[in-house]
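The primary structure of each chain is shown beneath.
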Amino acid sequence: CDWMVNHTLPRMGPSLVVGGGVSPIRKSYSVNMVPDFDDETHVVTALARRKFAFAREVAGYDELVEGPGQEPINAVYYFNYGDEYRAHCDGECHGNPHRLGGRLATSLSYCIVPEAGGHTLFTRSALKVVPRPRQMLFFGYKLHDSDRMDDGLTEHSGCPLREGSKWVATQWFRDVD
């Protein structure tokens, strides 16, 4: 965590949303961290490998592989009072059939946690996750027993920051050919 935070903070800019551009629903700063799979000792590569191993072994997403077609790890920093990411879905969340290449799951690794606010709230599930330093939150939105996607239960928000700051390493997982 210390290396990643120190490495990313000087390079961060306003967070963008899918399709590019800044959105009023996402108030934070971010930068991508690209794993170098030719260097197994690199911090970002080690983190990516651990996240993918978890997704395969614990969450049962056996089809996931690191490398081409996957998104880089996105470092996100919330530090201004009120910084937040309003309710959204990281992947398809309308119960539609899954499309090859689409996102299947998300992991958030919390390196810095706020003194107040900044929780992860699953808005349609009535679940609030209080971030803890060096812990990871993982949730999938492709249902294991069908080819269908979640019907909205993984919609979530990064609640407004009230005191302190929050830094997370986000990995979105895709099934790639």
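Coordinates for the structure precede this section.
Calculation criteria
- Residues numbered from 1 in each chain as written.
- Predicted model: local features only at pLDDT ≥ 70, side-chain atom pairs only at ≥ 80, totals over all residues.
- Heavy atoms only, no water.
- Helix = DSSP H or I, 4+ residues; strand = E, 2+ residues; numbered from the N terminus.
- Buried < 20%, exposed > 50% of the residue type's maximum accessible area, 1.4 Å probe, protein only.
- Lys, Arg positive; Asp, Glu negative; His and termini not counted.
- Salt bridge = Lys/Arg side-chain N within 4 Å of Asp/Glu carboxyl O.
- Polar contact = N/O pair within 3.5 Å; in protein donor to acceptor, adjacent residues only side chain to side chain.
- Contact = heavy atoms within 4.5 Å.
- Core = buried A, V, L, I, M, F, W, Y, C linked by side-chain atoms within 4.5 Å.

Account for the side chain of Arg26, with residues named and values stated.
Mapped onto the fold, Arg26 is located in strand 2 (residues 26-27). Here Arg26 sits buried without a salt bridge, and the closest side chain of opposite charge, Asp90, lies 8.1 Å off (N-O distance). A polar contact of 3.2 Å, which involves the side chain of Arg26, links it to the side chain of Asn74. The residues touching Arg26, leaving out its near neighbours within four places in the chain, are Ser15, Leu16, Val17, Asn74, Val76, Glu84 and Tyr85.

Give a detailed account of the environment of His98, specifying residues and quantitative values.
Tracing the backbone shows His98 in the loop between strand 5 (84-88) and strand 6 (103-112). Separated by 50 residues in sequence, His98 and Arg148 place their C-alpha atoms 5.4 Å apart. Sequence-distant contacts of His98, defined by excluding residues within four places in its chain, comprise Arg103, Leu104, Lys142, Asp147, Arg148, Met149 and Asp175. Here Asp175 takes part through its side chain, which lies 2.8 Å from a polar atom of the side chain of His98.

So what's going on with the nonpolar core? Which residues, and what values?
Counting 15 residues, the largest nonpolar core has Tyr78, Tyr110, Phe122, Val129, Leu137, Phe139 and Tyr141 as its most contacted members. Once residues lying within four places of it in the same chain are set aside, the contact partners of Phe122 are Leu127, Val129, Leu137, Phe139, Leu153, Thr154, Glu155 and His156. In this structure, Met12, Val44, Ile73 and Cys111 belong to the second largest nonpolar core, which totals 14 residues.

Bear in mind that shape data such as this cannot, by itself, settle questions of function.
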